[in-house]
Amino acid sequence: MKFKKKIRRCMVSDFSIDREQLLCFGIVLYYFWQSLNLFIQKGLFGQKILLGINYVILIVAFFFIVLSSLKNRTVSFMFMELLAFAVFFISYVLGNADNKILIYNLIWSLGICIPLGMAFAGIDDKEKIYRYLYIISKHLIAIIALTYILEFKVWNVYLGEYDMVLSYTALLPCTILCNEVLEHIRIRDVVWLVIGLGMNFLYGCRGANVCFLLFFVLKVVLDIESGKKKYGIILCGLIISIIGISVLIILINSGVNTRTTVSYRVIEKLLNGEFFKSQGRRDLYDYYFNIFMQNPYLGWGVCGKWLDSGNYPHNFFVEVVLSFGIIGGLGIVLVLIIGVVVMFKESAKAERMLMCIYLSNAASLLLSGTFLQNTAFYITVALIIGRLRKREAYF
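These numbers come from a predicted model, not from an experiment. (Residues numbered from 1 in each chain as written. Predicted model: local features only at pLDDT ≥ 70, side-chain atom pairs only at ≥ 80, totals over all residues. Heavy atoms only, no water.)

### Overview of the overall build of the chain
Just so we agree on the cut-off: The helix and strand labels rest on DSSP assignments: H or I over at least four residues marks a helix, E over at least two residues marks a strand, and numbering proceeds from the N terminus. Each residue gets one of three labels from its accessible area relative to the maximum for its type: buried under 20%, exposed over 50%, partly exposed in between, using a 1.4 Å probe on protein chains only. Two residues qualify as a contact provided that any one of their heavy atoms is within 4.5 Å of a heavy atom in the partner residue.
What the chain contains, in helices and strands, is 16 helices and zero strands. In the chain, which comprises 395 residues, the share counted as buried stands at 49%. Long-range contacts, defined as pairs at least 24 residues apart, comprise 74% of the intrachain contacts of the chain with a sequence gap of at least 6.

### A look at the nonpolar core
Here is the rule we go by: Within this scheme, the nonpolar core is defined by two criteria: the residues are buried Ala, Val, Leu, Ile, Met, Phe, Trp, Tyr or Cys, and they are joined through side-chain atoms within 4.5 Å.
By size, the foremost hydrophobic cluster in this structure holds 93 residues, and its most contacted members are Ile-27, Tyr-30, Tyr-31, Leu-133 and Tyr-358. Counting residues in hydrophobic clusters, the runner-up holds ten residues, among them Leu-38, Ala-145, Tyr-148 and Leu-202.

### Observations regarding the confidence of the model for the chain
Selection rule: Known as pLDDT, the predictor's confidence for each residue is given on a scale from 0 to 100.
Per-residue confidence for the chain gives a mean pLDDT of 81; residues scoring 70 or more make up 76%. Of all helices and strands in the chain, the one with the weakest mean pLDDT is helix H1 (residues 2–15) (43), whereas helix H15 (residues 349–362) scores best (93). Within the model, pLDDT remains below 50 along residues 1–16, and this stretch shows zero contacts once partners closer than five positions in the same chain are excluded. Contacts for the low-pLDDT stretch residues 256–262, under 50 throughout, to residues beyond four places or in other chains number ten contacts.

### Considering the environment of Gly-329
Tracing the sequence through the fold places Gly-329 in helix H14 (residues 316–346). Gly-329 sits in the buried class, given a relative accessible area of 0%. Those residues in contact with Gly-329 that sit more than four places away from it in its chain are Val-320, Val-321 and Phe-324.

### Description of the side chain of Asn-374
Threshold: Contacts described as polar in this section are N or O atom pairs within 3.5 Å, which, within protein, must combine one atom able to donate a hydrogen with one able to accept it, while residues neighboring in sequence count only if both atoms come from side chains.
Here Asn-374 lies in the loop between H15 and helix H16 (375–394). Overall, the relative accessible area of 13% leaves Asn-374 in the buried class. A polar side-chain atom of Asn-374 sits 3.4 Å from a polar atom in the side chain of Ser-364. Once residues within four sequence positions are removed from consideration, Asn-374 is found in contact with Cys-113, Ala-362, Ser-364 and Leu-365.

### Some thoughts on a nonpolar patch on the surface
How we decide: Exposure above 30% relative accessible area and the absence of a salt bridge qualify a residue for a patch, where like charges join within 9 Å and nonpolar side chains (Val, Leu, Ile, Met, Phe, Trp, Tyr) within 5 Å. Only the protein chains shown count as cover for residues, and the accessible areas themselves come from Shrake-Rupley with a 1.4 Å probe. For this analysis, a salt bridge means a side-chain nitrogen from Lys or Arg found within 4 Å of a carboxyl oxygen belonging to Asp or Glu.
On the surface, a cluster of nonpolar side chains totalling about 440 Å² of accessible area is made up of Phe-85, Phe-89, Tyr-92 and Val-93. Here Tyr-92 lies in helix H4 (residues 74–94).

### A short note on unusual backbone geometry
Phi at Cys-303 is positive, roughly 65°, even though this residue is not glycine. Structurally, Cys-303 can be placed in the loop between helix H13 (279–294) and H14. Unusually for a residue other than glycine, His-314 sits at a positive phi of about 60°. Of note, His-314 is situated in the loop between H13 and H14. Given the relative accessible area of 11%, His-314 is considered buried.

Rendered as structure tokens:
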């Protein structure tokens, strides 16, 4: 009888799946789904069979994440879901938001963003998830680069324009590869980084390129070892020089004032001195400032008073104070700033690396997007909460 019980325990231990491994697998599947979804929609014109298969990947990914979260952190997971639901429900009661937009963002927040954030919070060994992200980063760059080529060079779908969604999707693997290049110089990583940055510079948006520069500054100033800073700066200078020389060759071959050059939006804005100018953003800020002044203390609730049935403010600070009022909004911002400072001062190496990566990706909210759908923002918040909980437990 004792022998049978011992055998049974061994079988259970052999076949049990590590919870953190399951969370890492779910996160990796999500990022593959995100890139493949764009490839199918933009590169292959949204073939229904492939889209169906791809959404099965998404379902499997979040099945693993939710299952693992409920296994060990049921109370925390349900609390975050109920808190987010309460925020949306209050906005529904206030009646300042379009119900369809509210439901769409509710699904994004409760169904994708919070589970991803909780997955990162549930992984105690942050080095493990970082290694997984590094492994898939080159594959993601390959998928995104192929999508760029099909979209702009084969089908000519967006000739003369740019692709904001693709460029922000490429930002994560680019920052991961840059982090690895600064930590461990490998030629293959440099090659993939040049491909990703080059594609984003030519066919991406300005915001993604600015966020990458922000990552580089955060990494060099706050994370990289002092002995490696000089070599890291030199190496990234070489990478930028390679991209710059490539762009110069394009300019020489096409001519500065020809339509071919204008098709590269980032270059066009640089040549015209309009890289940091956006009349559309200015008009949005003027509109939302006037809306904010009508109810500055309490706010309008999430998605409240969004323009044209979903044209959000395109700025994190504007959106937060618009949603929660000046007191609530500034309180949220202050807590986040304190959390970021504590994170960089007290976190371990792997946590700091992930913080540099995801904070720079979440910085896109200062230029575009809404925090209700930005997975990098939720992951950044999860990293901060995880660090603060460890700090509280220590004291």
